[in-house]
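Summary of the model geometry
Read off the chains here:
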Amino acid sequence: MEKIKKILLIDDEESTLRAFENVLLLNGFDCFATSDIELGICTYQKYEFDCVLLDYQMPCKNGIEVMSDILCLNHNAKVIIYTGQTDISIKQTAMLKGAYNFLYKPIDFRELMNIMINEDQYSLEMETI
C-alpha cells in the first residue's frame, strides 16, 4: 500500500482550508484546497488523490453526503471527515458509511500527520479490529 501524498481538501471555511493546506504542504504533501463542494467532487473525478479531507458541516451537503459522492466515483477512496460537533452519532455514521478516519475540531495536526504518515500501520490496525 502506497503512502498518502496527494490530498484533496474541501471545507467552506477559508481559514480552515489554509490552516490544513499550510500544515500539509510543510510536511511534504501535495494539496488541492477548495471551498466549493461541486468543484471538489469534479476535481476528485478528474485527478487522482490519495486522500480526501472533508468538513462535516457545509452548506448544501454535509461531509457524509460528499463522501458518498466520492465513494461512488471510487469505492476505495480514503476519506477523513472532521467536525466541531460533539454528537458521537456523526462519527458512527461516517465510519459505517466508509470514512477512513474521523477527527474532531480543534484539529490535532500531530494526530492528522500520524494518520497520513503511518497509513500502512493504521490500515493494519483497522483490519484486526
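Each value, and the rule that gives it
Residues numbered from 1 in each chain as written. Predicted model: local features only at pLDDT ≥ 70, side-chain atom pairs only at ≥ 80, totals over all residues. Heavy atoms only, no water. Pairing = 2+ DSSP bridges. Helix = DSSP H or I, 4+ residues; strand = E, 2+ residues; numbered from the N terminus. Axes fitted to C-alpha atoms, helices over the stretch in contact; angles between N-to-C directions. Core = buried A, V, L, I, M, F, W, Y, C linked by side-chain atoms within 4.5 Å. Buried < 20%, exposed > 50% of the residue type's maximum accessible area, 1.4 Å probe, protein only. Contact = heavy atoms within 4.5 Å. pLDDT = per-residue confidence, 0-100. Salt bridge = Lys/Arg side-chain N within 4 Å of Asp/Glu carboxyl O.

**What to know about the sheet that holds strand β1 (residues 6–10)**
Within the open sheet, the five strands sit side by side as β2-β1-β3-β4-β5. Their pairing is parallel. Only two strands of the sheet have a single neighbouring strand rather than two, namely β2 (30–34) and β5 (101–104). Strand-to-strand, the axes of this sheet are offset by a mean angle of 20 degrees, without reference to chain direction. The pairing of β1 with strand β3 (residues 51–55) spans four bridges and is classified as parallel. Across the sheet, Leu 8 pairs through a bridge with Val 52, a residue of β3.

**Section: the nonpolar core**
In this structure, Leu 54, Val 66, Met 67, Val 79 and Ile 81 are the most contacted members of the largest nonpolar core, which totals 22 residues. Counting residues per element, the ones that place at least two in this core are β1, α2 (37–46), β3, α3 (63–73), β4 (79–83) and α4 (88–96). Ranked by residues supplied to this core, first place goes to α3 with five residues. Non-local contacts of Val 66, meaning those with residues more than four positions away in its chain, are made with Ile 10, Ile 37, Ile 41, Leu 54, Met 58 and Lys 61. Counting residues in each nonpolar core, the second largest holds 21 residues, with Phe 20, Phe 29, Cys 51 and Leu 103 among its members.

**Overview of the confidence of the model for the protein chain**
Scored by pLDDT, the protein chain has a mean of 89; 88% of the residues are at 70 or more. The least confident element of the protein chain is helix α6 (residues 119–127), whose mean pLDDT is 44; the most confident is α3, at 98. Low pLDDT (under 50) marks residues 120–129, which in the prediction has eight contacts with non-local residues, meaning those over four places away or in another chain.

**Some details on the environment of Met 67**
Its place among the elements puts Met 67 in helix α3. Beyond its immediate stretch of four places on either side in the chain, Met 67 contacts Leu 54, Val 79, Ile 81, Ala 94, Lys 97, Gly 98 and Ala 99.

**A look at the pattern of salt bridges**
Inspection of every chain in the model, using the stated rule, returns five salt bridges. Between Glu 14 and Arg 18 there is a salt bridge; the shortest N-O distance is 2.8 Å. Taken together, the residues Glu 14 and Arg 18, both in helix α1 (residues 14–26) and four residues apart, mark about one turn of the helix. Each of Glu 14, Arg 18 and Glu 21 takes part in salt bridges that share partners, so that together they form one network.

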